[in-house]
Amino acid sequence: METYKLTVNGQQKEVTVDPGTPLLWVLREDLKMTGTKYGCGIAACGACTVHVAGIATRSCVVPVSLVGDRPIVTIEGIAQDPVGRAVQDAWVSADVVQCGYCQSGQIMGAVALLKSTQKPTDTNIEESMGGNICRCGTYVRIRQAIKSASQQLNSGGAA
Amino acid sequence: MTAATNFANGLSISRRRFLGVSATAAGGLIVSLYLNLPLAAQEAGQAKPRVYPPDAFVHIKPDGKIVIQVNRLEFGQGVQTSLPMILADEMDADWSQIEAELAPAADVYKDPLYGIQMVGGSGSIAHSFQQYRELGAKTRAMLVAAAAEQWKVPASQCRTEASVVHGPAGRSAKYADLADAAAHMPVPETAPLKKPADFRLIGKKVRRLDSRPKCDGSLKFGLDLDLPGMKVALVARPPIFGASPRSVDDKAARSVPGVADIFEIPSVSRGTAVAVVADKFWTAKQARDRLQIDWDLSKVEGADSSQLREKYRQLARTPGNCCHRSR
């Protein structure tokens, strides 16, 4: 067991866990932040996506010991970010979700995309979001919502 | 399917008493119309609710919010919105005030056709359309009856719209204000259903009720449940239906700190599985990965299409449950 100091959604957290514990389980079980989902456990589905130092990261395969002092942002904190808020609102407006289990990861992926590419094309979206799997097949509305959030952000509509 | 028609006279009285108690406990109307207990059990006085409020479908809160219990799991098919739409339409409820809740485990929430509490086979609407319409219509009738009694007018002179009962001479009352009185009204045996042309919600496009909590991480899925002192179990399942362990070496698995127990359990699809119980998921996962299991495949069932077909033929000739009988 080791003790780690983590910055999660701007807050300092301390956990004492096995160094090999994936960040996902530290978030879900030690910090009780269950918005980040466990899907495949092998970085193949994207349900566990969080931001580590701004980069969309599959938290199910990142041992907590490798996080260091990089700030972590999860679905619970993404609304503090104007891009995050715009994406969430676009998701609700387009009624993207169905079962919703993958959507935390989808939203985290979409926010990372819009931060690096302000006006993503269909190809950008497919390349960037291809690793986020949705069993319900909400991909068409995901694409619509990303474009609508992009439009909103680029028209200066985001507060 | 058991409906209000199955209530014996004596039972209706105790039923009303229950509804009255519910109204006091929750502050509002709780309508509970479907008690799927056999008549014998009802006559023996066992029809009282075991836990509050598992056999309720509609809860009108004093602030006007109406909580509708959804007797299915929401897994993407939209049932958390569509079943409330059906009930709210017949009830003439204000859609903007509707909240949906996934019902707990209880007999009343069983699928009317399958007779078990489940979701699947595209049956949510097919099996519960009539059920939710009747629930809405009966709830509406009880609210109207309460208003009519208050105003000393015939119920036929009242109409309803957007969670309000309108009576003669410009009188009106909100559902929320009628809820307590309505809870003391007898549950009607039947209530008229709308003509499809009068539907306000059914067949119209509405926004999903579950979008926002699924976009901010706040919606609790089964895996998110966290109870005090809760343990986590992971199961090493047979690699083939019907297989069982010949031997299990769990020495290395038990040495993982935080493992509470390891034992064999019956597998869902016949055969035997090995369960690992631990303090956390990651502990259980590490322990499960360290299990050494020698699987015995000798009892694995060989599938035979012609045998299966004959079995289905026989099953098709046995009587089933009736969900809806058209007149």
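See the structure printed just above.
The notes below deal with the structure included here. (Residues numbered from 1 in each chain as written. Chains lettered and ligands numbered in written order. Predicted model: local features only at pLDDT ≥ 70, side-chain atom pairs only at ≥ 80, totals over all residues. Heavy atoms only, no water.)

1. As for the overall build of chain B
Now for step 1: Secondary structure assignment for chain B yields nine helices and 12 strands.
Now for step 2: Taking as baseline every contact in chain B between residues at least 6 positions apart, the subset at least 24 positions apart corresponds to 70%.
Now for step 3: Of the accessible surface of chain B, which amounts to about 17500 Å², a share of 54% is contributed by carbon and sulfur atoms. (Helix = DSSP H or I, 4+ residues; strand = E, 2+ residues; numbered from the N terminus. Contact = heavy atoms within 4.5 Å. Areas by Shrake-Rupley, 256 points an atom, 1.4 Å probe, with all protein chains shown as cover.)

2. A closer look at the nonpolar core
Now for step 1: Of all hydrophobic cores here, the largest spans 43 residues; its most connected members are B:Ile60, B:Ile66, B:Met91, B:Tyr132 and B:Val165.
Now for step 2: At the level of elements, β2 (58–60), β3 (66–70), α3 (79–91), α4 (123–151) and α5 (175–183) of chain B are the ones that each hand at least two residues to this core.
Now for step 3: In terms of residues, this core owes the most to one element, α4(B), which gives nine residues.
Now for step 4: Counting residues in each nonpolar core, the second largest holds 22 residues, with A:Val87, A:Ala90, A:Ile107 and A:Val111 among its members. (Core = buried A, V, L, I, M, F, W, Y, C linked by side-chain atoms within 4.5 Å. Buried < 20%, exposed > 50% of the residue type's maximum accessible area, 1.4 Å probe, protein only.)

3. Some remarks on a nonpolar patch on the surface
Now for step 1: Where nonpolar side chains cluster on the molecular surface, the patch consists of B:Leu73, B:Phe75 and B:Leu102 and spans about 270 Å² of accessible area.
Now for step 2: Judged by its relative accessible area of 36%, B:Phe75 falls in the partly exposed class. (Patch = residues over 30% accessible without salt bridge, like charges linked within 9 Å, V, L, I, M, F, W, Y side chains within 5 Å. Salt bridge = Lys/Arg side-chain N within 4 Å of Asp/Glu carboxyl O.)

4. Things to note about the packing of aromatic side chains
Now for step 1: Here the structure, examined in full by the defined rule, presents six aromatic pairs over all chains.
Now for step 2: Taking the centre distance of 3.7 Å and the plane angle of 5 degrees together, the rings of A:Trp25 and B:Phe281 count as stacked. Taken together, the residues span two chains, with A:Trp25 in helix α1 (residues 23–30) and B:Phe281 in helix α8 (residues 281–289). Here the two residues A:Trp25 and B:Phe281 agree in accessibility, since each one is buried.
Now for step 3: Through pairs of rings, three or more aromatic residues link up here, namely A:Trp25, A:Tyr38 and B:Phe281.
Now for step 4: Over the aromatic face of B:Phe75 sits the side chain of A:Arg135, whose NZ or CZ is 5.3 Å from the ring centroid. (Phe/Tyr/Trp six-rings, centres within 6.5 Å; stacked < 30°, edge-to-face > 60°. Lys NZ or Arg CZ within 6 Å of the ring centre and 35° of its normal.)

5. Some points on the packing of helix α2 (residues 82–93) of chain A against helix α5 (residues 139–154) of chain A
Residue and element names in this part refer to chain A.
Now for step 1: Close contact between α2 and α5 brings their axes to 8 Å; oriented N to C, the two are set at 135 degrees. Put simply, α2 runs oblique to α5. In this structure, α2 crosses over α5, and the sense of that crossing is right-handed. The segment α2 lies against α5, with Pro-82, Val-83, Ala-86, Val-87, Ala-90 and Trp-91 engaging Ile-142, Ala-145, Ile-146, Ser-148, Ala-149 and Leu-153. (Axes fitted to C-alpha atoms, helices over the stretch in contact; angles between N-to-C directions. Parallel < 35°, antiparallel > 145°, perpendicular 65-115°, else oblique. Left-handed = near helix turned anticlockwise from the far one by under 90°.)

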